[in-house]
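Structural overview
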Amino acid sequence: MEEESDTRKINNSFLREHNYATEADIISTVEFNSSGELLATGDKGGRVVVFQREQESKSQPQRRGEYNVYSTFQSHEPEFDYLKSLEIEEKINKIKWLPQQNAAYFLLSTNDKTVKLWKISERDKRPEGYNLKDDDGRIRDPSTITSLRVPVLQPMDLMVEATARRVFSNAHMYHINSISVNSDYQTYISTDDLRVNLWNLEITDRSFNIVDIKPANMEELTEVITSAEFHPQQCHTFAYSSSKGSIRLCDMREAALCDKHCKYFEEPEDPSTRSFFSEIISSISDVKFSHNGRYLMTRDYLTVKVWDLQMENKPLETYQVHDYLRGKLCSLYENDCIFDKFECVWNGSDSVIMTGSYNNFFRMFDRNTKRDVTLEASRENSKPRAILKPRKVCVSGKRRKDEISVDSLDFSKKILHTTWHPHENIIAVAATNNLYIFQDKVN
Amino acid sequence: MIMKGQKRKHPPEEVEISDRSSPMWESQRQLVFSVSLNKYHHGQELPEPSLRRSVLIANTLRQVSLEAFAAPSVDIEVSPPPCSSSSALHKSVVTAKQHPAETFSNSHSALVSCPTVTLNDLSYCVPASNAPLSLKDEDEDWGSLSKDSDFSLSAAISSILTALDSTIDSCSQAAPRTPLRSLENLSAPSDGGVAWVKQGLRGYGGGWEQQEEGREWESSTELMRCSYLSELTVEDLFQDIDTSLLERDMEVLGLIGSGGECPTGDDLLRYLPPFSSSPSHPFSLSLNQNLKCLPSLSSFGPLSSSLPSLSSPHFSSQNHVREGLDLEHLMEILVES
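Calculation rules
Residues numbered from 1 in each chain as written. Chains lettered and ligands numbered in written order. Predicted model: local features only at pLDDT ≥ 70, side-chain atom pairs only at ≥ 80, totals over all residues. Heavy atoms only, no water. Helix = DSSP H or I, 4+ residues; strand = E, 2+ residues; numbered from the N terminus. Buried < 20%, exposed > 50% of the residue type's maximum accessible area, 1.4 Å probe, protein only. Contact = heavy atoms within 4.5 Å. Areas by Shrake-Rupley, 256 points an atom, 1.4 Å probe, with all protein chains shown as cover. Pairing = 2+ DSSP bridges. Axes fitted to C-alpha atoms, helices over the stretch in contact; angles between N-to-C directions. Phe/Tyr/Trp six-rings, centres within 6.5 Å; stacked < 30°, edge-to-face > 60°. pLDDT = per-residue confidence, 0-100. Parallel < 35°, antiparallel > 145°, perpendicular 65-115°, else oblique. Left-handed = near helix turned anticlockwise from the far one by under 90°. Nonpolar A, V, L, I, M, F, W, Y, C, P; charged D, E, K, R; others polar. Core = buried A, V, L, I, M, F, W, Y, C linked by side-chain atoms within 4.5 Å.

In terms of regular secondary structure, chain B is built from 13 helices and zero strands. Reading chain B from its N end, one meets helices and strands in the order α-α-α-α-α-α-α-α-α-α-α-α-α. Each of the 337 residues in chain B was classed as buried or not, and the buried ones make up 56%. Within chain B, residue pairs in contact and separated by at least 24 positions form 66% of the contacts whose partners lie at least 6 positions apart.

Now the structure itself:
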């Protein structure tokens, strides 16, 4: 994808188009497909809801393609592991779209243990005029049939069907935290706390284990895998992040088992900021390759870092997401917020990165201008078609008007999942059980 | 900064203190230690704790403990607010410092052993020095106690005994009754002893792999029976004990080992504390090995300032006789109660 300089500034230019209140369950993942036409959300109840963008009509140019519900289906059901006497949650941890190759859409959805390949297809015609049965489906008496006719396809109301085409199960002893489709469109990886498995999309009864960090003696376990992703262009390269703040880049051509990395990215700890929680806040919760494949972005508890794949000893850029929380780490540890796993996302041109925070805030960083903005996803603060107002958190004693103090932040409202349209400035933000879609206002 | 619906509490501190000489640092360290301890235990009580969370909490615990040791002056007293768990927690701190792998059946002060605080790193028994200890030093100091297997067993024993102490001190909650409950339900004292050990070890299996938990403690139970009743031979012991349970366990383990996706035999064996010296039978006993590390019961008295005395001399074979007598005495108490 050619790099274009994004000349539009990130401020005061976002409209709120719709608020899709699912109400039923907490949204656990959001993902645009490769064209941006579809947006999939997964929730804690194991459901997947797919939104489709309306075609822009010339008669109503101001309706710039809203997203409406296209399909809803139950992807995963709660299961019971009889061997361990444990329930397996149906919560959808990740959804990844496959590139579109025909009229149907395909996506991978996963819970803690099982990955499923779903086919979403449309049906807008049905055959009518059978010889042996009525249009209602009742069998006709053969003696009443006097002539033969050829069934004809008649249009019908659009029906969207979702069918499970593959089920990839029984390959993970630990909880799956991520899946990533390879650029060869034939394989994908699923990652749990200790292992990365490589699958062929056509084969469900076996997978290859390519990374295994489980120690021989589990007592020696001090590090787990938190996320993994394939390189967007190189089908032999993938990266995985760890709970100790490191990222390993692996080349599958080197060996069958990729325990030995070919690149190791880690920033040395700053002794001046060292605390009891240094390791916990360095744990990487998300890793994403840039669209051009030259950079890696990682999210830890307080920062987002952009790494150059050619430079392993330190990140290229570091952005403070909510540094005002640094002095509150002990309290955040007590109430478990320090374990929250925030995601991060690139825009289509890799010039802007976005990630979530607390109090329904989310942050955007422009890599070129070095400007950043804090926005809020909430019904109270946004009216339809209103421009989002930048928010500010007050860190010092004097609080200005419209600023919010650190102690007033609501830590139960966290934005963990966000996604960015691959080509346009449209973002989807999941705030607990509400989905917000924002579009850039075109002047 | 509060979660909605929660009462606002005065925050313990506002700033992370990196200056070790500051008195606030020590209090913060103790707070982090106690919070981590509680968190870890509560996490293990869940049917399926998050591995990432458990690892992070365990690493924090380890780091906090190491830093305490590296600090110039270390006040080992931990001061958790609830009085009901204070004595138990003190004991947990003491025994955690003594033994690398600890188990508690007290639900409020349990530091479940095994992987986490692979507290090979925790060696408070080593004479305090200003230099932070490397792992190598600690291993050397432990001497004959370098084997995890010994620690596991002694830890299990000490934890059960500690829990009993806390019960006797009557400063405990309902949870410590867990090890005694099976005794009350049994008619025969001999069976009670076995079941008591089993019950007390329930928390021992708390580790990363839930599917192996049950089998792990069942196997360690068998060893427990033989290791602390030092004067009995294995045959004597088994004459009194119904081994049908053991046979069932072995079958289960055999089934597990026969393959399948979930814990393979190799995984299971690797996970089990490596206390088997004989390769032919995974659960063979090595009595001498285990006897060496039996702690003196007298070391589990009320927390005192004489912690440096709880060091390696206790773990010599000279204490065996005294330990045997003490254990018998303890068994009598248990049976009577």
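Within chain A, the secondary structure is distributed over two helices and 32 strands. Counting only contacts in chain A whose residues sit at least 6 apart along the sequence, the fraction spanning at least 24 positions is 54%. Here chain A has roughly 20200 Å² of accessible surface; of this, 47% comes from carbon and sulfur atoms.

So, about the sheet that holds strand β21 (residues 295-299) of chain A. Residues and elements named next belong to chain A. In spatial order, the strands read β20-β21-β22-β23; together these four strands make up an open sheet with antiparallel pairing. Only two strands of the sheet have a single partner each, and these edge strands are β20 (286-289) and β23 (317-320). Neighbouring strand axes in the sheet, compared pairwise and without regard to direction, differ in orientation by 15° on average.

Right, let's get into the sheet that holds strand β2 (residues 27-32) of chain A. All names here are of chain A. Spatially, four strands are ordered β2-β3-β4-β5 in an open sheet, and the strand pairing comes out antiparallel. Whereas interior strands pair on both sides, the edge strands pair on one side only; in this sheet they are β2 and β5 (67-74). On average, each strand axis in the sheet is tilted by 20° relative to the strand beside it, whichever way the strands run. Note: strand β3 (residues 38-43) against strand β4 (residues 47-53), five bridges, orientation antiparallel. Note on β4: the bridge partner recorded for G42 is V48.

As a further point, take the packing of aromatic side chains. Residue and element names in this part refer to chain A. Going through the model one piece at a time under the given rule, you end up with 20 aromatic pairs over all chains. Ring centres of Y188 and W199 lie 6.1 Å apart, and the angle between their planes is 10°; this geometry places the pair in the stacked category. Taken as a pair, Y188 in strand β13 (residues 187-191) and W199 in strand β14 (residues 195-200) lie far apart in primary sequence, eleven residues in all. Comparing Y188 with W199 shows no difference in burial state: the two are buried. On the numbers, 5.9 Å between centres and 75° between planes, the contact of F265 with W307 is edge-to-face.

Residues and elements named next belong to chain B. Summarising the model, chain B shows a mean pLDDT of 50, and 15% of its residues fall at 70 or more. The element-level mean pLDDT for chain B is lowest in helix α12 (residues 287-292), coming to 38, with helix α2 (residues 51-70) highest at 89. A low-confidence stretch, residues 9-16 stays under pLDDT 50, and its non-local contacts, those more than four residues away or across chains, total 19 contacts. Scored below 50 in pLDDT, residues 160-232 shows 177 contacts in the model against residues more than four places distant or in partner chains. With a pTM of 0.65, the predicted complex shows an ipTM of 0.88.

Below, the discussion takes up unusual backbone geometry. All names here are of chain A. Even without glycine at this site, S85 takes up a positive phi of about 55°. The topology assignment puts S85 in the loop between β6 (79-81) and β7 (86-88). Here the phi dihedral of T432 falls at roughly 60°; this positive angle occurs in a residue that is not glycine. Along the chain, T432 falls in the loop between β31 (426-431) and β32 (434-440).

This part takes up the packing of helix α1 (residues 23-45) of chain B against α2 of chain B. All names here are of chain B. Closest axis-to-axis distance for the α1/α2 pair is 9 Å, and the angle between their directions is 150°. As far as their axial angle goes, α2 and α1 are roughly antiparallel. Here the hand of the crossing between α1 and α2 comes out left-handed. Two secondary-structure elements touch here, α1 through W25, R29, V32, F33, S36, L37, K39, Y40 and Q44 and α2 through R53, S54, I57, T60, L61, V64, S65, E67 and A68. In terms of residue class, the contact of α1 with α2 is built from nine nonpolar, five polar and four charged.

Grouped together as the largest cluster of nonpolar side chains are 33 residues, with contacts concentrated most on F277, Y301, L325, L332, Y333 and I338 of chain A. Every element with two or more residues in this core is listed here: α1 (278-282) and α2 (329-334) of chain A together with α1 and α2 of chain B. The dominant element in this core, judged by the number of residues it contributes, is α1 of chain B, at six residues. Setting aside its immediate chain neighbours within four residues, I338 of chain A contacts F277, I280, I281, Y301, L329, L332 and Y333 of chain A. By size, the runner-up hydrophobic cluster in this structure holds 16 residues, among which are V345, V352, W420 and A431 of chain A.

Time to look at the environment of I145 of chain A. Residues and elements named next belong to chain A. Looking at where I145 falls in the secondary structure, it is placed in the loop between β10 (115-128) and β11 (152-168). Sequence spacing of I145 and N131 is 14 residues, and the spatial spacing of their C-alpha atoms is 7.6 Å. Beyond its immediate chain neighbours, meaning those up to four positions away, I145 contacts N131, L132 and R140.

Moving on, we get to the confidence of the model for chain A. Regions with low pLDDT carry predicted coordinates that are not meant to be interpreted in detail. Across chain A, pLDDT averages 89, with 91% of residues at or above 70. This model gives residues 1-18 of chain A a pLDDT under 50, and the stretch forms 58 contacts once residues within four places in sequence are excluded.

All names here are of chain A. The buried fraction of strand β27 (residues 372-376) is high, at four of five residues. Summarising the sheet, strand β26 (residues 361-366) and β27 pair through five bridges and their orientation is antiparallel. Bridge pairing in β27 links R363 to T374. Hairpin geometry of β26 and β27 is characterised by an intervening segment of five residues between the two adjacent antiparallel strands and by a positive phi of about 60° at K370.

On to the pairing of strand β9 (residues 105-110) of chain A. Within β9 of chain A, five of the six residues are buried, which leaves it mostly tucked inside the rest of the structure. Taken together, β9 of chain A and the strand that follows it, β10 of chain A, pair antiparallel across an intervening segment of four residues.

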